[in-house]
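Below, each chain spelled out in residue letters.
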Amino acid sequence: MKSAWMLVAGLLFAIRGVLVKLASDQFSSAELVFYRSLFGLVMIYWVIRRRHPHLARPFSTQHLRAHLVRSISGFVALLLFFHAIDVLPLATAVTLNYTSPLFLALLLTLWHGEKPHWPLVAGVTLGFFGVVLLLRPSLESAQLSAGLMGLASGFLAGVAYLNLRVLSRMGEPDWRTVFYFTLVSTLGAGAWAARNGWHAINAHAALLVLGLGISATLAQLALTRAYRLGNALVVGSLAYSTVIFASLFGMLLWHEILPLQAWLGMGLIVISGLVGVRTVGAK
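Parameters at a glance
- Residues numbered from 1 in each chain as written.
- Predicted model: local features only at pLDDT ≥ 70, side-chain atom pairs only at ≥ 80, totals over all residues.
- Heavy atoms only, no water.
- Helix = DSSP H or I, 4+ residues; strand = E, 2+ residues; numbered from the N terminus.
- Buried < 20%, exposed > 50% of the residue type's maximum accessible area, 1.4 Å probe, protein only.
- Contact = heavy atoms within 4.5 Å.
- 1 Å grid on protein atoms, 1.4 Å probe; cavity = no way out; pocket = protein on both sides within 12 Å on 5 of 7 lines; lining within 4 Å.
- Points joined across faces, edges and corners; volume = space filled by probe spheres on them.
- Nonpolar A, V, L, I, M, F, W, Y, C, P; charged D, E, K, R; others polar.

Caption draft 1: Spatial organisation of the overall build of the protein chain. The helix and strand tally for the protein chain stands at 12 helices and zero strands. Along the protein chain, helices and strands appear, N-terminal first, in the series α-α-α-α-α-α-α-α-α-α-α-α. Taking the principal axes of its C-alpha atoms as reference, the protein chain extends roughly 55 × 50 × 40 Å. The proportion of buried residues among the 283 residues of the protein chain is 49%. For the protein chain, the share of sequence-separated contacts (at least 6 apart) that also reach a separation of at least 24 residues comes to 88%.

In structure tokens, the structure reads:
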């Protein structure tokens, strides 16, 4: 039951996707990343100051370079993911982003200099065919670039998770890692949005932005609690509940009925991702 916190996180991440898609009519992807990150930055700063008042310099670190690599890769992944949500069906965008465990397993294999195991090779092959099936309807449309951006977000998320493991083994606390990620994302997205112009915020847009920040923050808390209390492999597998929730929301809110080959592609990607989760858990 402790691992079931991941189901709560999966639902909240899907709600975040819904709010991103709704708010994309009024804001750019950079603006949405900025508001989401700013909310998280304020929250994590408040939590750190409240829980660690004895630390004179809580954000000081000897591993700034590793934090920047993790934060920049995570920021770009989030930016690409939000753009994919805006253009693609919600379930498609979420599934492409959830190729990250497979990329993480590949990166860890290369990191340790090991020969790929047959299960991983099979998972990569399944994932490749799944991506082709999922993107095939978009190959000759304007959605292709968004699909490739969604896939790139999965790869960069894998890079971010790899550096997250590195920082953890360096002894860096999770809250400091989250602080630097939200800080870099806020500054990066703010600069990008300022260059292209900000959009006015009305009452309806304010509610969407506030909901985005709250859902994303609560999802991260539920995710952290799931990994702290539950079995890592079970939690990693339950993370794909986000794909199911996103599919349901897409059908209910936007009548997104995907073709059979897209569902088959999503299934292959989920299976390959589960192989990646098992591989990561074994390392």
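Picking up where we left off.
Caption draft 2: Highlighting the layout of surface pockets. In this model, the second largest pocket occupies a volume close to 170 Å³. Taken together, Thr99, Leu102, Phe103, Leu106, Val124, Gly127, Phe128, Val131, Val132, Leu151 and Ser272 make up the lining of the second largest pocket. Of all elements in the fold, only helix H5 (100-111) and helix H6 (118-135) reach the threshold of two or more residues within the lining of the second largest pocket. Looking at which element gives the most residues to the lining of the second largest pocket, the answer is H6, with five residues. Of the residues that constitute the lining of the second largest pocket, the class distribution is eight nonpolar, three polar and no charged.

Without other data, these values stay purely geometric and don't point to any function.
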